[in-house]
Amino acid sequence: MTALSSSPDADVHPSRHNAWLLLPVGLALLVSGWQPYDRATWWLEVAPVLIAAPVLIATHRRFPLTPLLATLIAVHALILIYGGAYTYARVPLGYWMQSLWDGSRNPYDRIGHLAQGFVPALIAREILVRRGLQMGPWLLGFLCLCVAEAISAWYELIEWGAAVALQQGADAFLGSQGDPWDTQEDMACAGLGALLALTLMRRWHDRQLTAVKGSPPRRAD
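Residues numbered from 1 in each chain as written. Predicted model: local features only at pLDDT ≥ 70, side-chain atom pairs only at ≥ 80, totals over all residues. Heavy atoms only, no water.

### As for the overall build of the protein
Tallying secondary structure elements over the protein gives 10 helices and zero strands in all. Going residue by residue from the N terminus, the α and β elements of the protein occur as α-α-α-α-α-α-α-α-α-α. The proportion of buried residues among the 221 residues of the protein is 43%. Residue pairs in contact within the protein that sit at least 24 positions apart in sequence constitute 74% of those at least 6 positions apart. Total accessible area on the protein stands at roughly 12,600 Å², and carbon and sulfur atoms take up 68% of it. (Helix = DSSP H or I, 4+ residues; strand = E, 2+ residues; numbered from the N terminus. Buried < 20%, exposed > 50% of the residue type's maximum accessible area, 1.4 Å probe, protein only. Contact = heavy atoms within 4.5 Å. Areas by Shrake-Rupley, 256 points an atom, 1.4 Å probe, with all protein chains shown as cover.)

### Examining the nonpolar core
Formed by 27 residues in total, the largest nonpolar core has its most connected members in Val25, Val49, Leu65, Leu72, Ile81, Phe118 and Leu122. Elements represented by at least two residues in this core include exactly helix H2 (14-32), helix H3 (39-59), helix H4 (67-86) and helix H6 (108-130). Counting residues per element, this core draws most heavily on H4, which supplies 10 residues. Within the second largest apolar cluster, 10 residues are counted, among which are Cys144, Ala194, Leu198 and Leu209. (Core = buried A, V, L, I, M, F, W, Y, C linked by side-chain atoms within 4.5 Å.)

### With respect to the side chain of Ser152
Its place among the elements puts Ser152 in helix H7 (residues 137-166). With sequence-adjacent residues up to four places away left out, Ser152 is seen in contact with Gln116, Asp186, Met187 and Ala190.

### Some details on a nonpolar patch on the surface
On the surface, Leu93, Trp96, Leu100 and Trp101 cluster together into a nonpolar patch covering about 480 Å² of accessible area. Within the element layout of this structure, Leu100 appears in helix H5 (residues 92-101). (Patch = residues over 30% accessible without salt bridge, like charges linked within 9 Å, V, L, I, M, F, W, Y side chains within 5 Å. Salt bridge = Lys/Arg side-chain N within 4 Å of Asp/Glu carboxyl O.)

### Here we look at the packing of H6 against helix H10 (residues 202-211)
Look at H6 against H10: their axes get within 11 Å of each other, and the N-to-C directions meet at 40 degrees. Between H6 and H10, the angle is such that the two are oblique. Relative to H10, H6 is oriented so that their crossing is right-handed. Where H6 abuts H10, its residues Leu122, Arg125, Glu126, Val129 and Arg130 lie against Arg202, His205, Asp206 and Leu209. Its residues assigned to classes, the contact of H6 with H10 comprises three nonpolar, one polar and five charged. (Axes fitted to C-alpha atoms, helices over the stretch in contact; angles between N-to-C directions. Parallel < 35°, antiparallel > 145°, perpendicular 65-115°, else oblique. Left-handed = near helix turned anticlockwise from the far one by under 90°. Nonpolar A, V, L, I, M, F, W, Y, C, P; charged D, E, K, R; others polar.)

### Let's talk about H4
For H4, which comprises 20 residues, the first-to-last C-alpha distance of 29 Å matches the rise-based estimate of 28 Å (1.5 Å per residue) to within 8%. Buried residues dominate H4, accounting for 15 of its 20 residues. Thr87, located one to two residues past H4, shows a positive phi value of around 70 degrees. (Expected span 1.5 Å × (residues − 1).)

### Thoughts on the confidence of the model for the protein
A residue-level look at the protein finds 82% of positions with pLDDT of 70 or above and a mean pLDDT of 84. H4 holds the highest mean pLDDT among the elements of the protein, 95, whereas helix H1 (residues 2-5) holds the lowest, 38. Ignoring residues within four places in sequence, the model shows residues 1-8, a span with pLDDT below 50, making seven contacts including any to other chains. (pLDDT = per-residue confidence, 0-100.)

Structure below.
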């Protein structure tokens, strides 16, 4: 515990760091909303950012996020905003990736779905750990993976509902690009993202949880 407390992460000031993240996200939101490819699709794609930002601002004093998690949420927001500006099937970065890999479709939406698993898994982990839920690391990881996949499944249902409501405007939001397995592949990407987050970020996350007076998950002997 002493080693964790003396980590450089202990000197991080979460509120100050997290407040600065609003600047690039807010600027990107304004730029992307200036002349998006499709206005209705832009609103649908950036809706998670518009919903999450006020919630995070309102709770930042009572429940300040670790700098690691706040940064990842900001990156996820930028991914959504960039996709919303062009629609996912037309993002220039995706065309470059498609050309590089000689692919049959613009793969930018896969980045979005990887993030859709990567970030929510760590959000769930931070909430569960800081609320003092006692469990071993394997069960904690499993629950976080389940939360990420549940969010991915709900997002696919929301896309389906929006597609039914929009009818002709549905293709840009769905971004399936003619792939009959797009929904399943999106959820698989979210699951992979969650596994990567829980594997690669666990120790870093533990240090920052300790620094913000949380407690790292109990490790099995």
